[in-house]
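Chains, contacts and geometry: an overview
Here is what each chain is made of, one letter per residue.
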Amino acid sequence: IELTVAKAYDVYERFSDSEAVAFPYVSTLDTLASSQKNLDDIESMVAKASVIYERFSDSEKVAFCYVSTLDTLASSQKSLADIESTVAKAYGVYERFSDSEKVAFRYVSTLDTLASSQKSLADIESTVAKAYGVYERFSDSEKVAFPYVRTLDTIARIQKSLDAI
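Residues numbered from 1 in each chain as written. Predicted model: local features only at pLDDT ≥ 70, side-chain atom pairs only at ≥ 80, totals over all residues. Heavy atoms only, no water.

Regarding the pattern of salt bridges
So the rule is basically this: The term salt bridge refers to a pairing of a side-chain nitrogen on Lys or Arg with a carboxyl oxygen on Asp or Glu at a separation within 4 Å. Elements are defined by DSSP. Helices are runs of H or I of four residues or more, strands are runs of E of two residues or more, and each kind is numbered from the N terminus. The rule is simple: take the accessible area with a 1.4 Å probe, protein chains only, and divide by the maximum for that residue type; under 20% is buried, over 50% is exposed, in between is partly exposed.
Counting across every chain of the model gives six salt bridges. Among the salt bridges present, the one from Arg-137 reaches Asp-99, with a minimum N-O distance of 2.2 Å. Taken together, the positions of Arg-137 in helix H7 (residues 121-137) and Asp-99 in the loop between helix H5 (80-96) and helix H6 (101-117) put the pair 38 residues apart, joining distant regions of the chain. The class for Arg-137 is partly exposed, based on a relative accessible area of 45%. On the basis of relative accessible area, Asp-99 is assigned to the exposed category, the value being 64%. Salt-bridge contacts for Asp-112 lead to Arg-150; the nearest nitrogen and oxygen are separated by 2.8 Å. Of the two residues, Asp-112 sits in helix H6 while Arg-150 sits in helix H8 (residues 142-163), which places them 38 residues apart along the sequence.

Let's talk about the environment of Phe-64
Threshold: Whether two residues touch is decided by their heavy atoms; if any such pair falls within 4.5 Å, the residues are in contact.
On the secondary structure map, Phe-64 appears in helix H4 (residues 60-76). When the C-alpha positions of Phe-64 and Val-87 are compared, they lie 14 Å apart, and in sequence the two are 23 residues distant. In this structure, Phe-64 is in contact with Lys-102, Val-103 and Arg-106, ignoring residues within four places of it in sequence.

Observations concerning H8
The following threshold applies: An expected span of 1.5 Å times one less than the residue number is assigned to each helix. A 3.5 Å cut-off defines polar contacts: any pair of N or O atoms within that distance qualifies, except that in protein one atom must be a possible hydrogen donor and the other a possible acceptor, and neighbouring residues in sequence count only when both atoms are side-chain atoms.
Compared with an ideal rise of 1.5 Å per residue, which puts 22 residues at 32 Å, H8 spans 31 Å between its outermost C-alpha atoms and is within 8% of the ideal. Among all positions of H8, only Val-144, Ala-145, Pro-147, Tyr-148, Thr-151, Thr-154 and Ile-155 are buried. Looking at the buried side of H8, the elements it contacts are H6 and H7. The N-cap residue of H8 is Ser-141: its side-chain oxygen and the backbone nitrogen of Lys-143 are 3.3 Å apart.

Quick word on a negative patch on the surface
Stated precisely, the cut-off is as follows: Candidate patch residues must exceed 30% relative accessible area and have no salt bridge, after which like charges are joined if within 9 Å and Val, Leu, Ile, Met, Phe, Trp or Tyr side chains if within 5 Å. A 1.4 Å probe and the Shrake-Rupley method give the accessible areas. Residues count as covered only by the protein chains that appear here. Under the convention used here, Asp and Glu are negative, Lys and Arg are positive, and both His and the chain ends fall outside the count. The location of each charge is read from NZ of Lys, CZ of Arg, CG of Asp or CD of Glu.
A contiguous patch of negative charge on the surface is contributed by Glu-2, Asp-40, Asp-41, Glu-43 and Asp-82. Sorting elements by how many residues they give to the negative patch places helix H3 (residues 39-55) first, with three residues. With respect to the helices and strands, Glu-2 occurs in helix H1 (residues 2-14).

Topic: the packing of helix H2 (residues 19-35) against H4
Packed helices, taken two at a time, are described by the angle their axes make and the gap between the axes. Applied cut-off: Fitting a line to C-alpha atoms yields each axis, with helices limited to the stretch in contact; the angle taken between N-to-C directions then spans 0 to 180 degrees. Note on terminology: angles under 35 degrees are roughly parallel, angles over 145 are roughly antiparallel, angles of 65 to 115 are roughly perpendicular, and the others are oblique. For any helix crossing, the convention is left-handed if the near helix is rotated counterclockwise from the far helix by under a right angle, and right-handed if that rotation is clockwise. The classification used treats Ala, Val, Leu, Ile, Met, Phe, Trp, Tyr, Cys and Pro as nonpolar, Asp, Glu, Lys and Arg as charged, and all other residues, Gly among them, as polar.
Put simply, H2 and H4 touch, their axes get as near as 9 Å, and they point 10° apart. Between H2 and H4, the angle is such that the two are roughly parallel. Like other packed secondary-structure pairs, H2 and H4 cross with a definite hand, here left-handed. Seen from H2, the contacting residues are Ala-22, Phe-23, Val-26, Ser-27, Leu-29, Asp-30, Ala-33 and Ser-34; seen from H4, they are Lys-61, Val-62, Cys-65, Ser-68, Thr-69 and Thr-72. Looking at the contact of H2 with H4 residue by residue, the classes come out as seven nonpolar, five polar and two charged.

Have a look at this one:
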């Protein structure tokens, strides 16, 4: 995969002003990030995707791939503070593309990761409320419903454990 991404980078370098080339390149970064096990490697892919997102900040396709790398990063992070920071970045992209079902799906997925990492019921409830807000906006979307229901499952498991106490 690394060699393929390197080839894509070479093409992107040659046509760095082209959104049509930037999109598949950032998509290869997302593919590579999702196959990495090392957090530093994932962070490296996210940093590269971030640069391209900043350059093509009006492109929904590039934004989706960038948020996908953020989702991968959040899923790999151990520190709650790091996950919160990553979710905040995803929220920034979602705010810019609030009509995009694809971006919304990935943002809610990062919220699910955050909820799964939180220890306080109040924090989880707050995160679930954010996910619900996005779900409400895309209530006809199965794609957005899926990670929203996962956040509900997270809170249900916490509630169950509290009931057992």
